[in-house]
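Letter by letter, the chains look like this.
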Amino acid sequence: MHITLKTFAQTREITGEDNITLNLSDNSTIKTVLSQLKTRSDQWALALEGSVLTARNQELCDTETVLSDGDELALFPPVTGG
Amino acid sequence: MFALVQVEDFDQGELYVKLKQSAEEKACGNTGAIVTFTGLVRDFNSAGDIDGIELEHYPGMTEKALMLLVEQAIEHFSLNSAGALHRVGRIYNNEQIVWVGAAAPHRQAAFDAASYLMDMLKQSVPLWKKEFKGDRSEWVAAKASDDKAALKWMHKK
């Protein structure tokens, strides 16, 4: 299955990738995706060292969430609005 | 109720009227209090002077998360209406950055809801600040005090 991965703020700057398509095994969890991304490049390993929030289809979720084909997964640091 | 994300500056008076009208539509004559809050950009951080901030957002999700927060505030504090506006993009020192407003039958709920909106906004709405001075810029780190402020409401409710 395919999902779209988006990144924002420091996660985007460190990885240098803001919108990519990933090919995953069916029923992959976000935790699995994060483990795979850590080995994608040194930049990804660095970006995922700190606290990273996850959103599936534009709603915050935890890393146990199971992904489906066509999902939009977003990774970003803790928010600092206000 | 309303939730807006925009680059342009805003007029507090217009937002107040929008909120008041929305509260009147929901409960005509039953709004006894409107509390509004406006946040501005300070001209310094812990390391010294800055020229302003750059706000990044997640188009689509930021708007949805802000609207969800407004709906939650209305439900938790039995408001007649509420609204929020957050600017994005480059914002210079002393400019307005954020506005929240709450309309309720009594003042305590309106004060509490305005605090709640700001505290929770700093936790759940995808917005990221970068402070800049000249051509240098640095991301703002999330504060533990902001986490505490949000947790306070979670324990209360």
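Below or above, wherever it landed, is the structure these notes cover. A quick note: this is a predicted structure, and the numbers were derived from the prediction, not measured.

With that settled, the discussion passes to the overall build of chain B. Across its full length, chain B carries four helices and 10 strands. When the helices and strands of chain B are read in sequence order from the N terminus, they spell out β-α-β-β-β-β-α-β-β-β-α-β-β-α. For 157 residues, the compact-globule formula gives about 15 Å, and the C-alpha radius of gyration of chain B, at 16 Å, lands near that figure. Summarising its shape, the C-alpha atoms of chain B cover approximately 50 × 35 × 25 Å along the three principal directions. At a minimum sequence separation of 6, the contacts of chain B that also span at least 24 residues come to 75%.

Turning our eyes to something else, we now look at unusual backbone geometry. With a phi angle near 50°, asparagine 57 of chain A is a residue other than glycine that sits in the positive phi range. Positionally, asparagine 57 of chain A belongs in the loop between β3 (53-56) and β4 (59-61). For asparagine 57 of chain A, a count of 16 C-beta atoms within 10 Å gives the class partly exposed. Of note in the backbone geometry, asparagine 94 of chain B takes a positive phi value of approximately 70° without being a glycine. Within the secondary structure, asparagine 94 of chain B sits in the loop between β7 (89-92) and β8 (96-104).

Next up on the list: the sheet that holds β3 of chain A. Residues and elements named next belong to chain A. If you walk across this open sheet you meet the five strands as β2-β1-β5-β3-β4, and the pairing is mixed. Of all strands in the sheet, those with a lone pairing partner are β2 (19-23) and β4, marking the two edges. In this sheet, adjacent strand axes meet at a mean angle of 35° when their direction is disregarded. The pairing of strand β1 (residues 2-7) with strand β5 (residues 72-76) spans four bridges and is classified as parallel. Across the sheet, residue leucine 5 finds its bridge partner in β5, namely leucine 73.

Rules used throughout
Here the residue numbers are simple positions, counted from 1 along each chain's written sequence. Labels are handed out in written order, letters beginning with A for the chains and numbers beginning with 1 for the ligands. For a predicted model such as this one, the threshold for reporting local features is a pLDDT of at least 70, and the threshold for listing and counting side-chain atom pairs is 80 or more; totals across whole chains, interfaces and linings nevertheless cover every residue. By definition, any uninterrupted DSSP run of H or I lasting at least four residues is a helix, any uninterrupted run of E lasting at least two residues is a strand, and each is numbered from the N terminus. For the radius of gyration, the atom set is restricted to C-alpha positions; the globular benchmark scales as 2.2 Å times the number of residues to the power 0.38. Our contact criterion uses C-beta atoms placed from the backbone: two residues qualify when those atoms are within 7 Å. Exposure classification rests on a simple neighbour count of other C-beta atoms within 10 Å of a residue's own: a residue reaching 20 or more is buried, one at 12 or fewer is exposed, and one in between is partly exposed. C-beta atoms are placed from the backbone. Here a strand pair is declared whenever DSSP counts at least two bridges between the two strands. Axis lines are fitted to C-alpha atoms, over the contacting stretch for helices. Their N-to-C directions set the angle, which ranges from 0 to 180 degrees.

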